[in-house]
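# Topology and contacts: notes
One-letter residues, chain by chain:
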Amino acid sequence: MSKAKVNQGINLDEYKDVWIIAEQRDGKVLNIALELLGEGRKLADKLNVNLTAVLLGHNMDEAAEELIKYGADNVLKVDHELLKVYTTDGYTKVIVDLVKERKPEIVLIGATTIGRDLGPRMASRIGTGLTADCTRLEIDETDGKLLQTRPAFGGNLMATIVCPKNRPQMSTVRPGVMKKAKYNPDRNGNIENIVPNIKDEDIVAKVLEVIKSEKKEAGLIDASIVVSGGRGLGDAEGFKLIEEFAKKLGGVVGSSRAAVDNGWIDSSHQVGQTGTTVRPKLYIACGISGAIQHQAGMSESDCIIAINKNPDAPIFNIAHYSIVGDLYEIIPAIMDAIDDA
Ligand code: FAD
């Protein structure tokens, strides 16, 4: 036998390159794809391999160009009428066929609604592992394996998971956690048009119509200022003050889960482990204790200001500026100071 590393019949040396599955909507690349490109670039450089973006849909020429400008070396563009909207059967078949043929070492998928549906299907069809909801990815310096870190046991500890025997190593990655790749208008790369082997009968569950939700999105992921309220507000009325404060600062409203569970605000505003992960320039936590599950969604913010009447509240351990006192006195005072400035 050659020196090739063989595991359960799999020749690990055959697997190369880092892939990201790039989500698009109506031909527009989603932010999560740019975050995966940022993280994928880091891993590809470490392994000295190429970074490939896999793009499925219909009429997406601009999206493919954009992925190159954001750091992909190659784009595998699979443009087909049957892939216009996401279907579990169609997308799984096309991507699994590509993975089996081209053998990537690592595949990163966004932990979005689509990614959470697609990832496990792909992993099961390929016969490899999948670490869901990763918040950190690194390459092990000793053996080049992917170290996939994610919260475990209700967020009380971080577990680092490896996929020792199978390939590719697959992870879904939480939106808003990784830094977006930088845009370079002069960047060049290779866009390969793939003709998929897909027929109408491959898609068992058909999408008959897409009806856009009328629910107003909180807009947390892209906000540069987030003002969040928690149980310390006392009631739903308290969010009027948070809304006013956020508006004055040009930010958006976030919340703790306790506020959502109390029915004070819609769950789309929830920040944390089971809500949205945010990374704004400024995060203001008002009447939020700073439970580990809340911190999991905001601790990477550039600047954190906490307002809490309990000087021992855990949020103060990660806050850059701590204001101890009653939020109903402090927030109006800050807003008055802004008006006077
Ligand atoms: P509390 O912990 O009750 O804190 C209220 C704070 O307000 C206190 O510190 C108090 O001193 C302060 N306060 C009271 N009155 C005032 C006042 N007038 N002025 C100033 N301060 C005041 N939580 C999340 O937020 N996001 C998640 O995604 C999330 N996911 C979870 C997942 C799991 C599996 C589990 C088990 C829990 C999760 N939680 C999550 C819940 C989390 O553990 C906490 O229960 C929750 O974050 C507490 O919310 P809170 O800080 O608003 O409330």
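Residues numbered from 1 in each chain as written. Predicted model: local features only at pLDDT ≥ 70, side-chain atom pairs only at ≥ 80, totals over all residues. Heavy atoms only, no water.

## Concerning the overall build of the chain
Each helix and strand counted, the chain has nine helices and 19 strands in total. For 341 residues, the compact-globule formula gives about 20 Å, and the C-alpha radius of gyration of the chain, at 22 Å, lands near that figure. Along the longest, intermediate and shortest principal axes, the C-alpha atoms of the chain span 70 × 45 × 40 Å. Across the 341 residues in the chain, those meeting the buried criterion constitute 50%. Considering only contacts in the chain between residues 6 or more positions apart, those separated by 24 or more positions represent 63%. (Helix = DSSP H or I, 4+ residues; strand = E, 2+ residues; numbered from the N terminus. Rg over C-alpha atoms; globule rule 2.2 N^0.38 Å. Buried < 20%, exposed > 50% of the residue type's maximum accessible area, 1.4 Å probe, protein only. Contact = heavy atoms within 4.5 Å.)

## Description of the site of the ligand
Residues in contact with the ligand amount to 24 residues; listed here are only the nearest, R231, S256, T274, S289 and N308. Here an oxygen atom of the ligand sits 2.7 Å away from a polar atom, N or O, in the side chain of R231. H294 places a polar side-chain atom, nitrogen or oxygen, 2.9 Å from an oxygen atom of the ligand. Within the complex, the protein chains bury 77% of what would otherwise be the 990 Å² of accessible surface of the ligand. For the shell around the ligand, the elements supplying multiple residues, two or more each, are helix 6 (257-261) and helix 7 (292-295). Split by residue class, the shell around the ligand holds five nonpolar, 15 polar and four charged. (Near = heavy atom within 4 Å. Polar contact = N/O pair within 3.5 Å; in protein donor to acceptor, adjacent residues only side chain to side chain. Areas by Shrake-Rupley, 256 points an atom, 1.4 Å probe, with all protein chains shown as cover. Nonpolar A, V, L, I, M, F, W, Y, C, P; charged D, E, K, R; others polar.)

## A few points about the layout of surface pockets
By volume, the largest pocket amounts to about 1,800 Å³. Among the elements of the structure, strand 3 (16-22), strand 4 (24-25), helix 1 (31-47), strand 6 (51-57), helix 3 (88-102) and helix 4 (113-126) are those that each provide at least two residues to the lining of the largest pocket. In terms of residue class, the lining of the largest pocket is made up of 22 nonpolar, 15 polar and eleven charged. Elements that contribute at least two residues to the lining of the second largest pocket include exactly strand 12 (157-161) and helix 7. (1 Å grid on protein atoms, 1.4 Å probe; cavity = no way out; pocket = protein on both sides within 12 Å on 5 of 7 lines; lining within 4 Å. Points joined across faces, edges and corners; volume = space filled by probe spheres on them.)

## Regarding the state of the cysteines
Taken as a whole and assessed by the stated rule, the structure comprises zero disulfides. Not engaged in a disulfide, the cysteine C286 finds its nearest cysteine sulfur in C303; these two sulfurs lie 13 Å apart. (Disulfide = S-S within 2.5 Å.)

## Structural notes on the sheet that holds strand 12
Note: strands within a sheet are paired through backbone hydrogen bonds, in either parallel or antiparallel orientation. The sheet built from three strands is open, its strands ordered 10-11-12 with antiparallel pairing. The outermost strands of the open sheet, each flanked by one partner alone, are strand 10 (136-139) and strand 12. Strand-to-strand twist of the sheet, defined as the mean angle between neighbouring strand axes without regard to direction, takes the value 25°. Across the sheet, helix 1 is in contact with strand 10 and strand 11 (146-152); its angle to strand 10 comes to roughly 10°. (Pairing = 2+ DSSP bridges. Axes fitted to C-alpha atoms, helices over the stretch in contact; angles between N-to-C directions.)

## Re the packing of helix 3 against helix 4
At a closest axis distance of 9 Å, the pairing of helix 3 and helix 4 adopts a crossing angle of 45°. It follows from the interaxial angle that helix 3 and helix 4 lie oblique. Helix 3 and helix 4 meet at a crossing whose hand is right-handed. Contact residues: T88, D89, Y91, T92, K93, I95, V96, V99 and K100 in helix 3; D117, L118, R121, M122, R125 and I126 in helix 4. Across the contact of helix 3 with helix 4, the residue classes break down as seven nonpolar, two polar and six charged. (Parallel < 35°, antiparallel > 145°, perpendicular 65-115°, else oblique. Left-handed = near helix turned anticlockwise from the far one by under 90°.)

## Side note on the UniProt feature "domain: Electron transfer flavoprotein alpha/beta-subunit N-terminal" (unreviewed entry) in the chain
Look at the UniProt record and you will see "domain: Electron transfer flavoprotein alpha/beta-subunit N-terminal" (unreviewed entry) annotated at residues 18-207. With 29% helix and 31% strand, residues 18-207 has its two end C-alpha atoms placed 31 Å apart. (UniProt positions renumbered as here; feature names shortened; annotations may be inferred.)

## Some words on the packing of helix 5 (residues 238-249) against helix 9 (residues 327-340)
With their axes 11 Å apart at the nearest point, helix 5 and helix 9 run at an angle of 25° to one another. One way to sum up the angle between helix 5 and helix 9 is to call them roughly parallel. Considering the relative orientation of helix 5 and helix 9, their crossing is left-handed. Packed against helix 5, whose contacting residues are G238, L241, I242, E244, F245, K248 and L249, the element helix 9 presents L327, Y328, I331, P332, I334, M335, I338 and D339 at the interface. For the contact of helix 5 with helix 9, the per-class residue count stands at eleven nonpolar, one polar and three charged.

## Description of a nonpolar patch on the surface
Together, V85, V207 and V210 make up a nonpolar patch on the protein surface, roughly 220 Å² of accessible area in all. In this structure, V85 sits in the loop between strand 7 (74-79) and helix 3. (Patch = residues over 30% accessible without salt bridge, like charges linked within 9 Å, V, L, I, M, F, W, Y side chains within 5 Å. Salt bridge = Lys/Arg side-chain N within 4 Å of Asp/Glu carboxyl O.)

## Looking at the packing of aromatic side chains
Under the definition given, this model contains two aromatic pairs. A centroid spacing of 5.0 Å and a plane angle of 70° characterise the contact between Y86 and Y91, whose relative ring orientation is edge-to-face. According to the relative accessible area criterion, Y86 is buried, its value standing at 18%. Judged by its relative accessible area of 9%, Y91 is buried. (Phe/Tyr/Trp six-rings, centres within 6.5 Å; stacked < 30°, edge-to-face > 60°.)

## Thoughts on the environment of E141
Secondary-structure assignment places E141 in the loop between strand 10 and strand 11. Its relative accessible area of 65% is what places E141 among the exposed residues. As a C-alpha pair, E141 and L47 span 94 residues in sequence and 9.8 Å in three-dimensional space. Engagement of the side chain of E141 in a polar contact is seen with the side chain of K46, the distance being 3.1 Å.

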